Amino acid sequence: MNPKLSIIIPVYRESAFISTALHSILDMDIPIPFEIILADGESPPTTLTHLRLDKTLSQTYPIKLISASKGRGPQLNAGVKAAVGEWFLFLHVDTRMDQKGMDLMIKVWQTQVEPLFCGAFDLHIDSGKKIFRMIEKFASARSRLTKIPYGDQGIFMSRKLFEKINGFPDVPIMEDVGIMSKIKKEAVNPVFIAHPISTSARRWRDQGILFTTLRNWVLICLYILGVPPRVLAKYY
């Protein structure tokens, strides 16, 4: 049976995390046919090489391994080209979905009437620090207000919508803002699932909570003002 759901994950030097990321998906009970596509932006693709050595994953489960040009936009578009599913779920390698989130997402899909649809989850940051609860609430409120969720909120959409808007912009960062901006122009309102998807706190931990938060806000503002993503990527 052909996969109905294609889960697409861009990776770049993620050998330390990739097995955990894949098991978090494969350990769930996914009630529809699915596939996982990993698009490695490194040349040679070290993450994919590492995964091929993990025989329990690479030879047992529905995983496609592909190489792509570096940058989330090009990698995600390459992943879609290799996909056969009717629905796409785009995940970061350090983002984790639980069983309830998967069930809710599939229920949303199965009850959709319109062929052009998309959505995302509320954000959870995997840390016990209280400041992250504030960041999460702001992110969830902002995405609903602007109708532009970010990639770490688990963006999903129908193949028909993806093809209508010609996919992600060919940029190294801000691909999530770019694709959701194109969707807004089509007057398609994203469905927000009031259940969190969890993303790692490693960026905030490694670079500092205040610095990372302020930098992200500044980069978004500069992108909206027209600064090219390839320039912004130098500061990400």
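The structure we're discussing is the one just above.
These numbers come from a predicted model, not from an experiment.

(A) Representation of helix α8 (residues 175–185) in the model. Within the span of α8, buried status applies to Glu175, Asp176, Val177, Gly178, Ile179, Met180 and Ile183. Buried-residue contacts for α8 involve α4 (72–82), β6 (118–126), β7 (156–158), α7 (159–164) and α10 (209–224).

(B) The arrangement of the pairing of strand β1 (residues 5–11) in detail. Buried residues dominate β1, accounting for 7 of its 7 residues. Across 7 bridges, β1 lies against strand β2 (residues 34–40) in parallel orientation. Counted as the bridge partner of isoleucine 9 is leucine 38 from β2. Taking the sense of rotation as the criterion, the β-α-β connection linking β1, helix α1 (residues 18–26) and β2 turns out right-handed.

(C) Here's a closer look at the sheet that holds strand β3 (residues 63–67). On the basis of which strands lie adjacent, the open sheet formed by 8 strands has the order β3-β2-β1-β4-β7-β6-β8-β5 and mixed pairing. Taken across any chain shown, the strands that pair with only one partner, and hence form the sheet edges, are β3 and β5 (95–96). As paired elements, β2 and β3 share 5 bridges and run parallel to each other. Of the residues in β3, the one forming a bridge with leucine 38 is leucine 65. Against the sheet, helix α2 (residues 46–53) contacts β1, β2 and β3, and its axis sits at roughly 150 degrees relative to β3. Running at roughly 145 degrees to strand β8 (residues 191–200), helix α5 (residues 99–110) makes contact with β1, β4 (87–90), β6, β7 and β8 of the sheet.

(D) Focus on the packing of helix α6 (residues 130–146) against α10. Relative to each other, α6 and α10 sit at 15 degrees, their axes nearing to 12 Å. Between α6 and α10, the interaxial angle falls into the category roughly parallel. Relative to α10, α6 is oriented so that their crossing is left-handed. Of the residues in α10, those touching α6 at Ile131, Phe132, Ile135 and Phe138 are Ile209, Thr213 and Trp217. Its residues assigned to classes, the contact of α6 with α10 shows 6 nonpolar, 1 polar and no charged.

What counts, and where the lines are drawn
Residues numbered from 1 in each chain as written. Predicted model: local features only at pLDDT ≥ 70, side-chain atom pairs only at ≥ 80, totals over all residues. Heavy atoms only, no water. Buried < 20%, exposed > 50% of the residue type's maximum accessible area, 1.4 Å probe, protein only. Helix = DSSP H or I, 4+ residues; strand = E, 2+ residues; numbered from the N terminus. Contact = heavy atoms within 4.5 Å. Pairing = 2+ DSSP bridges. Right-handed = clockwise from strand over helix to strand, strands pointing away. Axes fitted to C-alpha atoms, helices over the stretch in contact; angles between N-to-C directions. Parallel < 35°, antiparallel > 145°, perpendicular 65-115°, else oblique. Left-handed = near helix turned anticlockwise from the far one by under 90°. Nonpolar A, V, L, I, M, F, W, Y, C, P; charged D, E, K, R; others polar.

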